[in-house]
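Here are the chains, one letter per residue:
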Amino acid sequence: MHITPMVWIITCLVILGLFVFDFFAHVRTPHAPTLRESGFWSAVYIGIAVLFGLFVIWQWGTGAGGEYYAGYITEKALSVDNLFVFVIIMSSFAVPREYQQKVLLIGIVMALVLRGLFIAVGAAAINAYSWVFYLFGFFLVYTAIKLVKDHGDEAEAEEKRENRMVSIVRKFVPTTDEYDGDKLVTKIDGKRFVTPLLLALIAIGFTDVLFALDSIPAIYGLTKEPYIVFTANAFALMGLRQLFFLIGGLLERLVYLSYGLSIILAFIGVKLVLHALHENTLPFINGGEHVSVPEVSIAMSLTVIIGVLVVTTVASLLKTRGERNSTTSA
């Protein structure tokens, strides 16, 4: 798959243009979006992502298209899980609903920039050292196990991280507990103070770094093409702001989503280890020779990812609906 510099430039400009449009059309004037507005634009951005996948198939074939769709679905699922943390951050800082859009959009742009750096580093490491796939694979399996062990304690863990982060910021810059519209910095008696809105933005930016640590190895387990890795991440993050307002109330009902994501991450981790064995160059494994092991096809990866997400979503909704019915009858 050959990607020319011009294709990279055009793609980045289109993605940047979509974010600029999003800011001026929806975020510049503070307001709390309605469900109708959030639903419409969520569908628009998902539609754009799907159409881009068809463009990839047209330009580079079904193999590349399958890798893109598998990466996009995985990154979208991980992004939805990240919304849990965003809800906690917004609640902790008591961010007014009409200002949440600004924090989310800036945070998402920060996430894309950070992921772009991680993607570049990951691509360089993979090209230089094939054994990096071992590290990625074992890290994803470890992350999957940790995701299951920490399930149910996300709010407490996030609050601890926020308290540490806020304490560090307050040591170096003056802060205020009062909001001043949607300003990130305000003046009080002639002095500049950081508002809670900027603190919330810093918290989201910090958590974006943590999110990238598992999302980038995960997608590199599905494709080794940096262009697909970047575009799948960009389109998965795009529309995340609207999704936050659309399914905010639904998030608490997806009780099994973390388990589903842990299965997906573990599956991709094993896939990476198998690929690393197939491409093995480490002298202490099979004398530095390639190990004959089965490799997981992209079709199987897509089937597993979609299947796990459907099962965990349906199971979550059935469980929470049953609990609500029993509560109502009681």
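Predicted model only: the values in this text are computed from it and were never measured.

## A word on helix 8 (residues 226–237)
Because each turn of an α-helix spans 3.6 residues, side chains separated by three or four positions end up pointing in the same direction.
Part 1: Given a rise of 1.5 Å per residue, 12 residues ought to cover 16 Å, and the 16 Å separating the end C-alpha atoms of helix 8 matches this to within 8%.
Part 2: When you tally the buried positions in helix 8, you get 11 out of 12 residues, the bulk of the element.
Part 3: Every buried residue belonging to helix 8 is among Tyr-227, Ile-228, Val-229, Phe-230, Thr-231, Ala-232, Asn-233, Ala-234, Phe-235, Ala-236 and Leu-237, and all of these are buried.
Part 4: In the core, the buried residues of helix 8 are packed alongside helix 1 (5–27), helix 2 (35–60), helix 3 (62–92), helix 4 (100–128), helix 7 (196–220) and helix 9 (240–246).
Part 5: Phi for Gly-239, located one or two positions after helix 8, is positive at around 85°.

## Here we look at the packing of helix 1 against helix 2
Part 1: The contact between helix 1 and helix 2 brings their axes to 14 Å, and the two run at 170°. Considering the angle they form, helix 1 stands roughly antiparallel to helix 2. For the pair formed by helix 1 and helix 2, the contact residues are Val-7, Leu-18, Phe-21, Asp-22 and His-26 on the first element and Glu-37, Trp-41, Tyr-45, Ile-48 and Trp-60 on the second.
Part 2: Residues belonging to the contact of helix 1 with helix 2 are distributed by class as follows: 7 nonpolar, 1 polar and 2 charged.

## Here's the deal with the pairing of strand 1 (residues 185–188)
Part 1: With 4 bridges connecting them, strand 1 and strand 2 (residues 191–194) associate as antiparallel partners. Pairing of Val-185 across the sheet is with Val-194, part of strand 2.
Part 2: Adjacent in sequence and paired antiparallel, strand 1 and strand 2 are bridged by 2 residues, among which Asp-189 carries a positive phi angle near 55°.

## Observations concerning the confidence of the model for the protein chain
Part 1: Taken as a whole, the protein chain shows an average pLDDT of 82; of its residues, 92% reach a score of 70 or greater.
Part 2: For the protein chain, the element scoring lowest by mean pLDDT is helix 6 (residues 154–172), at 67; helix 8 scores highest, at 91.

Thresholds, definitions, all that
- Residues numbered from 1 in each chain as written.
- Predicted model: local features only at pLDDT ≥ 70, side-chain atom pairs only at ≥ 80, totals over all residues.
- Heavy atoms only, no water.
- Helix = DSSP H or I, 4+ residues; strand = E, 2+ residues; numbered from the N terminus.
- Expected span 1.5 Å × (residues − 1).
- Buried < 20%, exposed > 50% of the residue type's maximum accessible area, 1.4 Å probe, protein only.
- Contact = heavy atoms within 4.5 Å.
- Axes fitted to C-alpha atoms, helices over the stretch in contact; angles between N-to-C directions.
- Parallel < 35°, antiparallel > 145°, perpendicular 65-115°, else oblique.
- Nonpolar A, V, L, I, M, F, W, Y, C, P; charged D, E, K, R; others polar.
- Pairing = 2+ DSSP bridges.
- pLDDT = per-residue confidence, 0-100.

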